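Remarks on the overall topology
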Amino acid sequence: MNFEILLATSNKHKLEEFRRILAPHGITLYGMSDLNLEALDVEENGDTYFKNAQIKLEALRKITTFPILADDSGLELDAFPHLLGLHTSRYAKQFSNQKEANESIIKLYENNPSTKRDAIFKCALCFSLDDNDIRYFDGEMPGFIANKAIYEHGFGYDPIFIAKENNRCVASLKNEEKDEISHRGKACKKLLVYLKIKGLIK
(Lines give C-alpha, C1' and ligand atoms only; values in the text may rest on other atoms or scores of the structure.)
Protein backbone atom coordinates (compact mmCIF):
# COMPACT_ATOMS: atom_id res chain seq x y z
CA MET A 1 0.00 0.00 0.00
CA ASN A 2 1.26 3.46 -0.88
CA PHE A 3 2.13 6.04 1.75
CA GLU A 4 -0.55 8.76 1.69
CA ILE A 5 0.18 12.47 2.07
CA LEU A 6 -2.05 15.53 1.85
CA LEU A 7 -0.52 18.48 -0.04
CA ALA A 8 -1.60 21.84 1.34
CA THR A 9 -2.63 23.36 -1.97
CA SER A 10 -5.55 23.94 -4.29
CA ASN A 11 -3.20 24.73 -7.18
CA LYS A 12 -3.73 21.95 -9.72
CA HIS A 13 -0.44 22.63 -11.52
CA LYS A 14 1.54 22.40 -8.30
CA LEU A 15 -0.33 19.23 -7.30
CA GLU A 16 0.42 17.62 -10.68
CA GLU A 17 4.11 18.45 -10.37
CA PHE A 18 4.46 17.08 -6.85
CA ARG A 19 2.55 13.93 -7.82
CA ARG A 20 4.81 13.40 -10.79
CA ILE A 21 7.89 13.63 -8.58
CA LEU A 22 6.63 11.59 -5.62
CA ALA A 23 4.34 8.93 -7.14
CA PRO A 24 7.20 6.72 -8.48
CA HIS A 25 8.36 6.30 -4.89
CA GLY A 26 5.17 4.75 -3.59
CA ILE A 27 3.47 7.95 -2.45
CA THR A 28 -0.17 8.79 -3.05
CA LEU A 29 -0.55 12.57 -2.90
CA TYR A 30 -3.94 14.16 -2.31
CA GLY A 31 -4.94 17.74 -2.95
CA MET A 32 -7.42 19.64 -0.82
CA SER A 33 -10.35 18.95 -3.14
CA ASP A 34 -9.58 15.21 -3.21
CA LEU A 35 -10.55 15.03 0.46
CA ASN A 36 -13.43 17.52 0.11
CA LEU A 37 -11.52 20.15 2.06
CA GLU A 38 -12.03 23.82 1.38
CA ALA A 39 -9.14 25.86 0.06
CA LEU A 40 -6.95 27.26 2.80
CA ASP A 41 -7.81 30.82 3.75
CA VAL A 42 -4.69 31.88 5.62
CA GLU A 43 -2.49 34.93 5.43
CA GLU A 44 0.98 33.92 4.34
CA ASN A 45 2.71 36.71 6.21
CA GLY A 46 5.89 34.89 7.19
CA ASP A 47 9.26 36.49 6.56
CA THR A 48 10.71 33.32 5.03
CA TYR A 49 9.46 30.64 2.64
CA PHE A 50 9.66 28.10 5.46
CA LYS A 51 7.44 30.19 7.72
CA ASN A 52 4.82 30.58 5.00
CA ALA A 53 4.85 26.83 4.38
CA GLN A 54 4.50 26.18 8.09
CA ILE A 55 1.55 28.60 8.33
CA LYS A 56 -0.28 26.49 5.74
CA LEU A 57 0.73 23.23 7.39
CA GLU A 58 -0.44 24.29 10.85
CA ALA A 59 -3.76 25.57 9.50
CA LEU A 60 -4.38 22.23 7.82
CA ARG A 61 -3.26 20.24 10.85
CA LYS A 62 -6.26 21.67 12.74
CA ILE A 63 -8.71 19.88 10.44
CA THR A 64 -6.99 16.61 9.50
CA THR A 65 -4.80 13.87 10.91
CA PHE A 66 -3.26 13.06 7.52
CA PRO A 67 0.50 13.39 7.03
CA ILE A 68 0.82 16.88 5.55
CA LEU A 69 3.21 18.40 3.04
CA ALA A 70 3.18 22.18 2.59
CA ASP A 71 5.38 24.29 0.38
CA ASP A 72 6.15 27.86 -0.40
CA SER A 73 8.23 28.90 -3.34
CA GLY A 74 9.27 32.01 -5.18
CA LEU A 75 11.33 33.56 -7.92
CA GLU A 76 14.01 35.99 -6.79
CA LEU A 77 15.49 38.56 -9.16
CA ASP A 78 18.98 39.76 -8.25
CA ALA A 79 18.43 43.18 -9.80
CA PHE A 80 14.96 43.68 -8.29
CA PRO A 81 15.12 41.89 -4.92
CA HIS A 82 11.85 43.24 -3.53
CA LEU A 83 9.65 42.68 -6.59
CA LEU A 84 8.94 38.95 -6.33
CA GLY A 85 10.45 36.61 -3.74
CA LEU A 86 7.92 36.03 -0.97
CA HIS A 87 5.43 38.04 -3.05
CA THR A 88 5.84 35.95 -6.21
CA SER A 89 2.27 34.62 -6.42
CA ARG A 90 0.78 37.92 -5.24
CA TYR A 91 2.65 39.80 -7.95
CA ALA A 92 0.95 37.75 -10.66
CA LYS A 93 -2.51 38.37 -9.18
CA GLN A 94 -2.39 42.04 -10.15
CA PHE A 95 -2.51 41.00 -13.81
CA SER A 96 -5.30 39.42 -15.83
CA ASN A 97 -3.31 36.22 -16.26
CA GLN A 98 0.13 34.71 -15.73
CA LYS A 99 1.23 35.51 -19.26
CA GLU A 100 0.77 39.22 -18.61
CA ALA A 101 2.80 38.91 -15.42
CA ASN A 102 5.58 37.14 -17.31
CA GLU A 103 5.62 39.76 -20.04
CA SER A 104 5.82 42.53 -17.44
CA ILE A 105 9.03 41.00 -16.09
CA ILE A 106 10.53 40.80 -19.57
CA LYS A 107 9.52 44.43 -20.19
CA LEU A 108 11.21 45.44 -16.95
CA TYR A 109 14.54 44.15 -18.23
CA GLU A 110 13.98 45.65 -21.67
CA ASN A 111 13.61 49.03 -19.98
CA ASN A 112 16.81 48.39 -18.02
CA PRO A 113 19.07 46.77 -20.65
CA SER A 114 22.27 46.91 -18.60
CA THR A 115 20.69 45.15 -15.62
CA LYS A 116 21.96 41.70 -14.67
CA ARG A 117 19.39 39.01 -15.39
CA ASP A 118 20.48 36.56 -12.68
CA ALA A 119 17.58 34.96 -10.83
CA ILE A 120 16.83 31.95 -8.70
CA PHE A 121 13.80 29.79 -7.92
CA LYS A 122 13.53 28.71 -4.29
CA CYS A 123 11.31 26.09 -2.66
CA ALA A 124 10.74 25.37 1.02
CA LEU A 125 8.90 22.24 2.17
CA CYS A 126 7.40 21.49 5.57
CA PHE A 127 6.37 17.92 6.28
CA SER A 128 4.49 16.71 9.34
CA LEU A 129 3.37 13.29 10.50
CA ASP A 130 1.79 14.80 13.61
CA ASP A 131 1.78 17.94 15.74
CA ASN A 132 5.07 17.12 17.41
CA ASP A 133 7.25 16.61 14.37
CA ILE A 134 7.77 19.12 11.54
CA ARG A 135 10.61 18.57 9.10
CA TYR A 136 12.02 21.13 6.69
CA PHE A 137 13.54 20.64 3.24
CA ASP A 138 14.62 23.13 0.59
CA GLY A 139 15.76 23.33 -3.00
CA GLU A 140 17.06 25.96 -5.40
CA MET A 141 17.27 26.35 -9.17
CA PRO A 142 19.63 29.15 -10.25
CA GLY A 143 19.30 30.78 -13.63
CA PHE A 144 18.45 34.03 -15.37
CA ILE A 145 15.53 35.80 -17.01
CA ALA A 146 15.05 35.13 -20.72
CA ASN A 147 14.82 37.79 -23.44
CA LYS A 148 11.48 36.39 -24.52
CA ALA A 149 8.98 33.89 -23.18
CA ILE A 150 8.63 30.33 -24.42
CA TYR A 151 5.21 28.78 -23.89
CA GLU A 152 5.57 25.03 -24.35
CA HIS A 153 5.34 23.31 -20.95
CA GLY A 154 5.42 24.24 -17.31
CA PHE A 155 3.46 26.95 -15.53
CA GLY A 156 3.96 30.15 -13.59
CA TYR A 157 7.23 31.84 -14.45
CA ASP A 158 8.75 28.81 -16.19
CA PRO A 159 8.37 30.41 -19.66
CA ILE A 160 10.74 33.28 -18.82
CA PHE A 161 13.35 31.39 -16.78
CA ILE A 162 16.56 29.91 -18.18
CA ALA A 163 18.13 27.28 -15.90
CA LYS A 164 21.88 27.61 -15.47
CA GLU A 165 22.26 23.86 -15.12
CA ASN A 166 21.44 23.20 -18.77
CA ASN A 167 21.07 26.72 -20.22
CA ARG A 168 17.53 25.98 -21.38
CA CYS A 169 14.17 27.60 -20.73
CA VAL A 170 12.34 25.59 -18.07
CA ALA A 171 9.13 25.71 -20.12
CA SER A 172 10.92 23.91 -22.97
CA LEU A 173 11.96 20.97 -20.79
CA LYS A 174 10.22 17.62 -20.64
CA ASN A 175 8.74 16.80 -17.25
CA GLU A 176 11.53 14.45 -16.22
CA GLU A 177 14.16 17.00 -17.26
CA LYS A 178 12.53 19.73 -15.24
CA ASP A 179 12.04 17.55 -12.16
CA GLU A 180 15.73 16.64 -12.12
CA ILE A 181 16.92 20.24 -11.77
CA SER A 182 13.95 22.18 -10.40
CA HIS A 183 13.76 23.73 -6.95
CA ARG A 184 10.80 21.50 -6.09
CA GLY A 185 12.52 18.42 -7.48
CA LYS A 186 15.61 19.04 -5.35
CA ALA A 187 13.55 19.70 -2.20
CA CYS A 188 11.54 16.53 -2.81
CA LYS A 189 14.73 14.47 -3.12
CA LYS A 190 15.61 15.50 0.45
CA LEU A 191 12.07 14.66 1.60
CA LEU A 192 12.31 11.22 -0.01
CA VAL A 193 15.58 10.48 1.80
CA TYR A 194 13.88 11.31 5.11
CA LEU A 195 10.83 9.15 4.33
CA LYS A 196 13.09 6.21 3.44
CA ILE A 197 15.07 6.60 6.65
CA LYS A 198 11.80 6.61 8.61
CA GLY A 199 10.74 3.44 6.81
CA LEU A 200 7.62 5.08 5.42
CA ILE A 201 8.58 4.30 1.82
CA LYS A 202 11.03 1.87 0.21
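Cut-offs applied
- Residues numbered from 1 in each chain as written.
- Predicted model: local features only at pLDDT ≥ 70, side-chain atom pairs only at ≥ 80, totals over all residues.
- Heavy atoms only, no water.
- Phe/Tyr/Trp six-rings, centres within 6.5 Å; stacked < 30°, edge-to-face > 60°.
- Helix = DSSP H or I, 4+ residues; strand = E, 2+ residues; numbered from the N terminus.
- Buried < 20%, exposed > 50% of the residue type's maximum accessible area, 1.4 Å probe, protein only.
- Lys NZ or Arg CZ within 6 Å of the ring centre and 35° of its normal.
- Polar contact = N/O pair within 3.5 Å; in protein donor to acceptor, adjacent residues only side chain to side chain.
- Contact = heavy atoms within 4.5 Å.

Turning next to the packing of aromatic side chains. The description of an aromatic ring pair rests on the distance of the ring centres and on the angle between the ring planes. Under the counting rule described, the total for this entry stands at seven aromatic pairs. For the ring pair Phe127 and Tyr194, a centre distance of 6.2 Å and an interplane angle of 70 degrees mean the geometry is edge-to-face. Of the two residues, Phe127 sits in strand β4 (residues 118–130) while Tyr194 sits in helix α6 (residues 183–197), which places them 67 residues apart along the sequence. Considering the side-chain rings of Phe137 and Tyr194, the 5.8 Å spacing of their centres and the 50 degrees angle between planes classify their relative orientation as tilted. With Phe137 in strand β5 (residues 133–145) and Tyr194 in helix α6, the pair connects residues that are 57 residues apart, well separated along the chain. The exposure classification of Phe137 matches that of Tyr194, with both residues buried. Across from the ring centre of Tyr151, 5.3 Å away, lies the NZ or CZ of Lys99, which sits over that ring.

Note that Asp71 resides in strand β3 (residues 68–77). On the basis of relative accessible area, Asp71 is assigned to the buried category, the value being 1%. In this structure the side chain of Asp71 is engaged in a polar contact, spanning 3.1 Å, whose partner is the side chain of Lys14. Apart from residues no more than four positions distant in its own chain, Asp71 is found in contact with Lys14, Phe18, Ala53, Lys56, Cys123, Ala124, Leu125 and Arg184.

Next up on the list: unusual backbone geometry. Within the chain, Asn36 stands out as a residue other than glycine whose phi angle is a positive 55 degrees. With respect to the secondary-structure elements, Asn36 resides in the loop between β2 (27–30) and α2 (49–61). Residue classification places Asn36 among the exposed residues on the basis of a relative accessible area of 73%. In this model, Asn167 sits at a positive phi of 60 degrees, which is unusual for a non-glycine residue. Topologically, Asn167 is positioned in the loop between β6 (161–163) and β7 (168–169).

This is a description of form; function is not addressed.
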